[in-house]
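Inside the fold
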Amino acid sequence: MPLLLPEDLTEPGTHALVIGISAYQFLEGGHDENPDTLHLGLKQLSSAARSASEFAAWLMDGHNMPGLPLRSMRVLLAESPSEVIHPAVQRLMKGNHAPTRANVEQAFLDFMSACEKHPENIAVVYVAGHGVQFTKDGAVLLLSDFGNPLHNRKKYTGAVDMTALNKTMDNESSAHAQFWFLDLCRGLAPDKEDYDKLAGILEFDISRSESTVASPMFFSSSSGQTAYGTPNNVTLFNEVLMAGLREGYAAKTDVANDPTWRVTTTSLIDYLTPAVEAIASAKGKKQKVDVGGRPIKACLHECLSPPDVNLLVTVCPTQDPDNYSADLKLKGKKVGNTLNKWPARTRVRAGIYVVEVTTVTPPDSQVDCFSIEPPTSEMELPLK
Amino acid sequence: MIPENTKHGQLKVQVKSRVNFGGAATPIEIRNDDLILIISTSSKRIFELPVGIYEISAVLEDGKRQKQTVKVTESETANVSLEPKLPTQPQAPELAFKFLSAEQIQSLETPTQDFKLIGASSNVTIYPEDGFWIVRHRQEMEHVAYAIIRKGHELFEVSLPISAGGHRLSVTCHIKTSSERPKSHLQISISQSRSLSAALESLFISGQIGPAAKLAGRAIHTLMNIYVDPTGVILAALILKKTGRLGAYLKQLEKLSTDFPWLPDAKILLASILMAQPNERKRAIQLAYEASQERILYTESFSMLMSLLRYAPEADNVALCQKALTNIAKIAPDVDWNSIYLCRTSTENSNA
C-alpha cells in the first residue's frame, strides 16, 4: 500500500505524494530487459528511490506547518539492489509499493481526492526517476514498468505526464498551495512522432480555468539537461533541497516584523537555482534548476529556529595571514573565538555581523558590517 | 516591542532604476541584524529606525536582488543607493542609414568571427558595434522577424524581439557576436533602450516572477499605448499568465491580436484564456490553428500552444486541433527550450 500514514481528512493539512524510481524492470539491465527499449539509451538508476525516501522522511520528521500538519503521504518506490532507503520510510513500506502505471494512477487519484477535501490544504509532490521532455514546461516521468512489452503500440503507458497532472490540480477546488519537485532528467524525446501524441500516457482531465492556486514546479534540471546523482546515494537536487529544508538554508523571513523563517515559493527559487548550479559545478557538471507551473507566493514549511551558516574566512593572498585576526560581533556581543588561523571555518547563526579586523603591523583595527546568509558565506580580509 | 528610550536614526534609500518611475516605486525590503524583514514598501524612501545595522535590498531590472548593509546612527543620516548591474551594451545610432542589410553584414564578416549571419527575414537591418549586432526592422511588420546564425557547425534559426512600432529606432534588439567562452550560447536580448521590456526580459529569465508580475501589470498599458512595443507586451502577458492574472487583460489581448496580426503569440495567449470558456473554445482552437501556421516569437508561447493543443478537449474541433499540432510537432524536436526566443537548432550536416 502506498499510504504510509493513516490518512486524516477531517481537518485541513498537508498531503504528499512521493515517487522514486531507480529500478526499471524493462530497461537495459532490468530483470526483464525489453530489447525494443535499448535505443532509448535509458539504464538503471541508483539514487532516485533513496532521494525520494529522504524527502518522505523529512515530511514525517522535519516538516512544520502550524495548523496544516502532514495528514496523508503516499510513497511509491522502486529501489535498485544496492540502494538504501531511509530507515524511517523503509519501516513503514508494507505490501505493494511499486511505482507501476496501475499503482501510480490509483495513488494519484487518491492523492487528488485528499487534496480536494479542504481548499486550505497544501499538496506536495516529489518525483525522481528517468524523465523526458516535450515542451518547455514539460516533464514526463517514466514509471518502473516503462517499456513493458504488454504496452505494445502505446509506448508511454508506463509514464506519467507531470505537467498535465499539475494542470489537472490547478483549480480552486484543490489545495490552495501545491509544491511540485520534479527530480528527473529532461532529455528531449528521441522519437519525433512522440511530439504529436504520447500514446497511452497517464493524464487526467485538465483544468482550463485561470485559478489563483500557487503551484510552482521545481525541475531539477533545465531543458535537455541530465539531472545528476551520486551512485547509491542521493541526487544532487535532493542533496541541495534536503539541506535547504532541514538546515533552513532555503528559508527567509517574509512577513514584516515576524521572526519566523519560512520556506516559500520565492525563497526556494532564490535558493535552489544557485545552490544546485554550485554543487553540480563543483563536480564538473552542469545542472540548472528550472521553475515552471504557477510560481506565486505560498509557504511550504516554517523553520523552528533561524538557520546556522557555514562561514569561511580567508586572508587575501597578497597579504601576510599572520598579520591578521578577526572578531565577529552580533548585537554588540562577541560570537565565538577570535579568528587567527587561516582559512578559518566556523558556523554561526544567520545575521548581519560587525567584523573587527586587527592587524599587528601596522597596529590597526578595521570595523565593518558583513551579512552572513545561508547556505554559506565567504569573507575575505581585509574587508573592502 | 521597541523600548521607549531606544535611540533612532534616519535612513535614506535611493533606487536608481529605469523602471518603476525611476525607481521611486520599486519595492524595497529592510532587514535588521537578525535578517528579519522589518519593512517592505514600494513608496517610502526615508525611514526613522532604531540605531543598528540593516540590510536594504531590492530586485532590480537586471533580474537580481541587489543588497547593501548599512549602519544607522543617531548622529547622521545613513544613505543607501541601489542600482542594477546591467551588462554593457552599445547604443543604436540615431541615423537609420547606418544600419546594414543582411547581405552587407555577410560581406563584412571575417574568418575569425564566432557568429556568422547566414540569413535574415526581409527588412531586418543590422548595425555592428563593439561585439554586438544591433537589429532593427526597416518597414512595417508582416511577420515575426528572424535571423539564421551559424556558430561552428551549429545553425540557429531564431525569432527576434523587434517591431516597427511608433518609435522604430528604439524597438531594437542586441545579438552578442563575440563570446569569451567557446561553448557560450547565442545571446539575444531586448535593447536596454527599451527599458521596460528589457527589465521584463531580465526578470523573466532570472525566474523572478513575483517582481516581474508587479511590473508586467503596468507594462501592458504603457507598452500598448505609450511606447508601442508589442513584443514587450507579449512578454508582460506571458508573465501575467504564469501568475494566473492574465484573464483580467482579455480586452487588451483582443486588441493586441487585432492591432498586431503578425504576432501569433498574441493569438496563443488569447486562445489560452478563451479555452477556459466552453462557448469560446471553437474560436480558441481557430486562433491556435492560425498561430501554428506562423512564426512564433517566444519559446514560452510555442510551448503554451503545444500544451493547449495536446490537452484540448476531445469533443472540440479535433481535426483542426490535430492539424495545428502536426504543424508545430514538426518543429518541436529542434527547438532549444532554453532560449527565450523561439530558436531551432541544427547542425550543418543534418537534414533538419
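Residues numbered from 1 in each chain as written. Chains lettered and ligands numbered in written order. Predicted model: local features only at pLDDT ≥ 70, side-chain atom pairs only at ≥ 80, totals over all residues. Heavy atoms only, no water.

Some thoughts on the confidence of the model for chain B
In the predicted model, chain B carries a mean pLDDT of 90, and the fraction of residues at 70 or more is 93%. Across the assembled chains, the prediction reports ipTM 0.87 with pTM 0.90. (pLDDT = per-residue confidence, 0-100.)

As for the side chain of A:Ser47
Counting through the fold element by element, A:Ser47 comes out in the loop between strand S1 (14-21) and helix H1 (48-61). If near-sequence neighbours (up to four positions away) are discounted, A:Ser47 is found in contact with A:Ser22, A:Glu83, A:Gly229, A:Thr230, A:Asn233, A:Val234 and A:Thr235. (Helix = DSSP H or I, 4+ residues; strand = E, 2+ residues; numbered from the N terminus. Contact = heavy atoms within 4.5 Å.)

Some points on the interface of chain A and chain B
Facing the 50 residues of chain A at the interface are 46 residues of chain B. In total, about 4,000 Å² of surface goes out of reach between chain A and chain B, with carbon and sulfur atoms giving 52% of it. Applying the counting criterion to the chain A and chain B interface returns three salt bridges. Across the pair A:Lys331 and B:Asp34 runs a salt bridge, and its minimum N-O distance is 3.0 Å. At the surface where chain A touches chain B, the tally comes to 11 residue pairs in polar contact (both at pLDDT 80 or more). Top contributing element to the side of chain A that touches chain B by residue count: strand S11 (residues 290-294) of chain A, with four residues. By residue class, the composition of the side of chain A that touches chain B is 20 nonpolar, 13 polar and 17 charged. (Buried area = accessible area lost by both parts, 1.4 Å probe. Salt bridge = Lys/Arg side-chain N within 4 Å of Asp/Glu carboxyl O. Polar contact = N/O pair within 3.5 Å; in protein donor to acceptor, adjacent residues only side chain to side chain. Nonpolar A, V, L, I, M, F, W, Y, C, P; charged D, E, K, R; others polar.)

Quick look at the sheet that holds strand S19 (residues 376-381) of chain A
Residue and element names in this part refer to chain A. Strand order across the open sheet formed by three strands is S16-S13-S19, with mixed pairing between neighbours. Here the strands that pair on one side only, and so sit at the sheet edges, are strand S16 (344-349) and S19. Strand after strand, the sheet turns through a mean of 25° between neighbouring axes, direction not considered. Of the strand pairs in this sheet, strand S13 (residues 308-315) and S19 are connected by six bridges, and their pairing is parallel. Each residue of the ladder has a partner; that of valine 315, found in S19, is leucine 381. (Pairing = 2+ DSSP bridges. Axes fitted to C-alpha atoms, helices over the stretch in contact; angles between N-to-C directions.)

Quick word on the nonpolar core
Ranked by internal contacts, the top residues of the largest apolar core, which has 92 residues, are B:Val135, B:Ile149, B:Leu160, B:Leu200, B:Tyr298 and B:Phe302. In terms of residue count, the dominant contributor to this core is helix H3 (residues 209-226) of chain B (nine residues). Here B:Leu200 is in contact with B:Ala212, B:Leu215, B:Ala216, B:Ala219, B:Leu223, B:Gly232, B:Leu235, B:Ala236 and B:Ile239, once residues within four sequence places are set aside. In terms of nonpolar packing, the next biggest core, distinct from the first, is built from 79 residues, A:Met73, A:Ile85, A:Ile279 and A:Leu300 among them. (Core = buried A, V, L, I, M, F, W, Y, C linked by side-chain atoms within 4.5 Å. Buried < 20%, exposed > 50% of the residue type's maximum accessible area, 1.4 Å probe, protein only.)

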